[in-house]
Amino acid sequence: MPRSVLITGAGVISAIGTSKGETFRSLTEERSGVSFLSVLRTEHSDLPCGEVQMSNEEISEALGVGGGIASRAALLGIWAAKEALIQAGLLIDGGMDPSGRRVAFINATTVGGMDITEKHWLEYLEGREGSSRLVPLHDCRGCTMQIADYFGGFSYISTVSTACSSAANAIIMAASLILSGNFDIVVAGGTESLTRYHLNGFNSLMILDSERCRPFDASRAGLNLGEGAGYLVLESSDSAAGRGASVLAELSGWGNACDAFHQTASSDDGEGAFRAMEEALSSAGLTPVDIGYINAHGTGTPNNDASESAALRRVFGDEVPPVSSTKAYTGHTTSASGGIEAVICLLALENQFLPVNLGFSEAFEGGIVPVTGSEVSAPLKHVLCNSFGFGGNDSSLLISAVGDYGPGSAVRGVSGSLRSSLPSFRMGPSLFGRGRTTIDTPDSTPGIATGIYILSASQISAQEPLSEDWIDNPEIPEGKYVRAKDPQWRDHLNPMLSRRMGMLMKRTLVTSLAAMDAAGNRQPDAIITGTGLGCMESTERFLRKMLTEGESLLSPTDFMQSTHNTLSSLIAIQTGNHGYNCTWSHGNMSFESALVDAVVRMRLGQTGTALVGCHDECTPDTFKVLENAGLTDGLNVPCSEGSAALLISSGTGVAPEGALCGIAGLTVLENPTDTQLKETVGLLSAKDGGFDLVMTGENGRNARAYDRVLDMIGVGGTFRYKALFGESMAASALGTYAAAKLIARGQARNVLLVNQFEGKTWSFTLLKTLAR
Amino acid sequence: MEELKNELKLKIIDVLNLVDLKAEDIVDDAPLFGDLGLGLDSIDALELILLMEKDYGIKLKDASEGKAIFQSINVMADYIMKNRTR
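### What to know about the overall build of chain B
Phase 1: Across its full length, chain B carries four helices and zero strands.
Phase 2: Scaling as 2.2 N^0.38, a compact globule of 86 residues should have a C-alpha radius of gyration of about 12 Å, and chain B matches this with 12 Å.
Phase 3: For chain B, the spread of C-alpha atoms along the three principal axes comes to 30 × 25 × 20 Å.
Phase 4: Relative to its full complement of 86 residues, chain B shows a buried share of 28%.
Phase 5: Contacts in chain B between residues far apart in sequence, at least 24 positions, make up 58% of those at least 6 positions apart.

Okay, here's the thing in structure tokens:
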């Protein structure tokens, strides 16, 4: 079990610099990067932003990204990740050299490839040529994969999208993957580029300042958007010591909590922020007096700064340590801000200085007085970094200075309560090899999380309801495009409550409440959601209006709902759940990413019960765009949509009463060799009686990829779950729903679910009967 | 004025998708926001600001100005009468 999570590399790009050195100089010279836009073309030339003063062509050329079009967020991401990997000594000749270590990449973005989409959306709808190459760059995974492919060598890749706290949550996931022993090194952080789409979105919420933002000042009137990327290389102490890596600092604590108050506003008392900071402190085994500096979220909106001040006072009382927001330098870089500001915290530790809070002259009533001078009064040892997102997704990272971690030197970790409370489970290294995101269910040992169970499941899809004998008499939907069969919403939702909710929000809420109610638990410890594309209905309406009618009079409701974590936040807000909340947006692997998050947290003893779901919709326009781009060619199932929610729990050897099945194995492989695939299939076949049914995500178009593993499996019974549910980013979640119910009814004992992406990313989920 | 009030009610029902309400259900001097009124929230307020700009040519610079204007149908109609440019 790794003892601590160390930081061995960091990289940053933003309006105040294209490296750590430049960023440091801008901060110490108190030079803001907020100015009028010159790269992004928009009608809002009067809105100041923190823009990276390089065109895409200039960035591409400097990076040697030849020919292919990449989203600006991907380019900025590559830029910053490169600096981080070079510093960590992991980049040899431009490619990643993990030197035998298991390396994962957890990226964060919300904008993803929207810069490309907003340029070409109307052409996509008309069916112009070239869209087959561009459309896949739109989603968050598209952005992540462009960055991952530039370096190569990652054995697990996924994407967080929780709006403005995304990068902080990516870093939290990285820490979990290291502490669980799954990975030696995780590159984590986030990237975001300025787009007309979200500039107009924030404008519709009336929270942009037409002058440079003034965080914590009495006259503050809103935020300025920014762009950039920031990444950390996080590493286990064993790995860092083993290869003699220079250690920059330790990620000593972290916390995530949901404010569960409103989709775009923070509560007056900052409940979510308070809980996130408290959790970060307690997980590090530190107390408020240990903190020497806080990099606040401090957006400069009246609401955020008042709420954050209240939360700071609740944690720190009258002794609030030096606090500053650096958003008047960089602008609010949304999904990247947690990464960029974590790097700024590292710079503060390394150089023992406090970033001055630009734009402050007078405190407001109840507001904190931020840092106005850069000198530290006592040596900085521990700094806190806050990132808060829409839906009240609040995260806090604690970064601590360390001594020398060179070879032979003792690792001086902070003895935290989180680490000391970790259950000493076995990950079964002999069963699952290196470089896999593998969750194994080890032998029963009383008192620790040994089993993971699906307690209940609910869905809305083209199959509503799913017949009980689907395995023998499946009702196969026909046509190229089939929509989900929705229930009468009135039977499930108060019309006043759901008046503004788009279709996907209603489906998400109804399936989630049904899953929780079936298990009699409306307060799971965590709400972890997958969505490949989020609420496309809202996204499309906003886009179409912006592109055809111009950049004014756009609906704040549409913008708010188009943020991916709206779904996960909705569940938390409606049930008052302040627990861990995260959204994974990684294409057709979004559900598996959410499941990995839940299961890793359970194995670390951080979460006992979790609502895990995946929700995606295919609107008529989405279908048209996919069809025009040729992305539906060769499909032998309809394009469809759906929502599935599962309540899962960890148990202590005895299955909870009424549980549908157990999750006996979960393996995700990135770019595996035939040998690795064979080995995985072999291990799963040998485990607990193997499986009597294989369910795959085959859809005709990807049949060859599946043939590769089905030949290895060689089991008689296979079923294509997309024949029931159609093709959608939520299909594997719906397949898991179907399999769990099948096992619970005794129609199958053990089911292996196989999902893949482009023959490169593979997931294997083994569900097991609980019957003797 | 009565005509404007009725028009406003229909528009609010449409824009905010208050599907269960009819114009006559909204009392002229009842609060629109908060638990005692229609239970509207800050995003609804932004949608109403949008409505005022789109249909009556009234542009608010600050979202907080909405609070005073959207007290009730009476107050809102009065404000629109005095400030409309279309």
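### Considerations on the overall build of chain A
Phase 1: Secondary structure assignment for chain A yields 24 helices and 25 strands.
Phase 2: Computed over its C-alpha atoms, the radius of gyration of chain A comes to 24 Å, within 12% of the 28 Å expected for a compact globule of 772 residues.
Phase 3: Overall, chain A is about 70 × 65 × 50 Å in size when its C-alpha atoms are taken along their principal axes.
Phase 4: The proportion of buried residues among the 772 residues of chain A is 64%.
Phase 5: By sequence separation, contacts in chain A at least 24 residues apart represent 81% of the contacts at least 6 residues apart.

### So, helix 6 (residues 140–151) of chain A
Residue and element names in this part refer to chain A.
Phase 1: With twelve residues, helix 6 should cover 16 Å at 1.5 Å per step; its first-to-last C-alpha distance of 18 Å lies within 8% of that length.
Phase 2: Across the twelve residues of helix 6, eleven count as buried, placing the element largely inside the fold.
Phase 3: Three or more residues of helix 6 are buried, namely C140, R141, G142, C143, T144, M145, Q146, I147, A148, Y150 and F151.

### What about the confidence of the model for chain B?
Residue and element names in this part refer to chain B.
Phase 1: Confidence along chain B averages 92 in pLDDT terms, with 100% of residues attaining 70 or more.
Phase 2: The least confident element of chain B is helix 3 (residues 66–69), whose mean pLDDT is 91; the most confident is helix 4 (residues 73–83), at 96.
Phase 3: Predicted complex metrics record ipTM = 0.94 and pTM = 0.95.

### A look at the packing of helix 15 (residues 503–518) of chain A against helix 18 (residues 566–575) of chain A
All names here are of chain A.
Phase 1: Packing of helix 15 against helix 18 brings their axes to within 10 Å, and their N-to-C directions diverge by 50 degrees. In terms of orientation, helix 15 and helix 18 fall into the oblique class. Seen along the crossing, helix 15 lies across helix 18 with a hand that is right-handed. Together, L504, M505, T508, L509 and S512 of helix 15 and T566, L567, L570, I571 and Q574 of helix 18 make up the contact between the two elements.
Phase 2: Residues of the contact of helix 15 with helix 18, tallied by class, amount to six nonpolar, four polar and no charged.

### Let's talk about the pairing of strand 11 (residues 291–295) of chain A
Residue and element names in this part refer to chain A.
Phase 1: Taken across its five residues, strand 11 has five buried, putting it largely inside the fold.
Phase 2: Relative to strand 13 (residues 382–389), strand 11 runs parallel, the two being bridged by four bridges. Each bridged residue has a counterpart across the sheet, and for Y293 the counterpart in strand 13 is V383.

### Quick word on unusual backbone geometry
Residues and elements named next belong to chain A.
Phase 1: The amide bond that connects E464 to the next residue, P465, takes the cis arrangement and shows omega of -5 degrees.
Phase 2: The topology assignment puts P465 in the loop between strand 16 (451–461) and helix 15.
Phase 3: The backbone phi angle of T334 is positive, close to 40 degrees, even though this residue is not glycine.
Phase 4: Its location among the elements puts T334 in the loop between helix 12 (327–330) and helix 13 (337–351).
Phase 5: Given 33 C-beta atoms within 10 Å, T334 falls into the buried group.
Phase 6: Phi is positive for N671, which is not a glycine, with a value near 50 degrees.
Phase 7: Take N671: it is sitting in the loop between strand 21 (661–670) and helix 21 (674–686).
Phase 8: Judged by local crowding, N671 falls into the partly exposed class, with 17 C-beta atoms found within 10 Å.

### Structural notes on the packing of helix 1 (residues 2–15) of chain B against helix 4 of chain B
Residues and elements named next belong to chain B.
Phase 1: Their axes nearest at 10 Å, the elements helix 1 and helix 4 cross at an angle of 110 degrees. Judged on the interaxial angle alone, helix 4 and helix 1 are roughly perpendicular. In the packing of helix 1 onto helix 4, the handedness of the crossing is right-handed. Of helix 4, the residues touching helix 1 (which contributes L4, K5, L8 and K9) are I73, M76, A77, I80 and M81.
Phase 2: Residues belonging to the contact of helix 1 with helix 4 are distributed by class as follows: seven nonpolar, no polar and two charged.

### A look at the domain arrangement of chain A
Residue and element names in this part refer to chain A.
Phase 1: By the assigned domains, chain A splits into domain 1 (5–416) and domain 2 (437–768).
Phase 2: Using C-alpha coordinates to define each centre, domain 1 is positioned 28 Å away from domain 2.
Phase 3: Contact residues are listed per partner, giving 56 residues for domain 1 and 49 residues for domain 2.
Phase 4: Among the secondary structure elements, those contributing two or more residues to the side of domain 1 that touches domain 2 are helix 4 (114–126), helix 5 (131–134), helix 6, strand 7 (156–160), helix 7 (166–179), helix 8 (196–204), strand 10 (249–258) and helix 10 (271–284).
Phase 5: Here the residues of the side of domain 1 that touches domain 2 sort into 21 nonpolar, 28 polar and seven charged.

Analysis parameters
Residues numbered from 1 in each chain as written. Chains lettered and ligands numbered in written order. Predicted model: local features only at pLDDT ≥ 70, side-chain atom pairs only at ≥ 80, totals over all residues. Helix = DSSP H or I, 4+ residues; strand = E, 2+ residues; numbered from the N terminus. Rg over C-alpha atoms; globule rule 2.2 N^0.38 Å. Buried ≥ 20, exposed ≤ 12 C-beta atoms within 10 Å, placed from the backbone. Contact = placed C-beta atoms within 7 Å. Expected span 1.5 Å × (residues − 1). pLDDT = per-residue confidence, 0-100. Axes fitted to C-alpha atoms, helices over the stretch in contact; angles between N-to-C directions. Parallel < 35°, antiparallel > 145°, perpendicular 65-115°, else oblique. Left-handed = near helix turned anticlockwise from the far one by under 90°. Nonpolar A, V, L, I, M, F, W, Y, C, P; charged D, E, K, R; others polar. Pairing = 2+ DSSP bridges. Domains from an automatic or database assignment.

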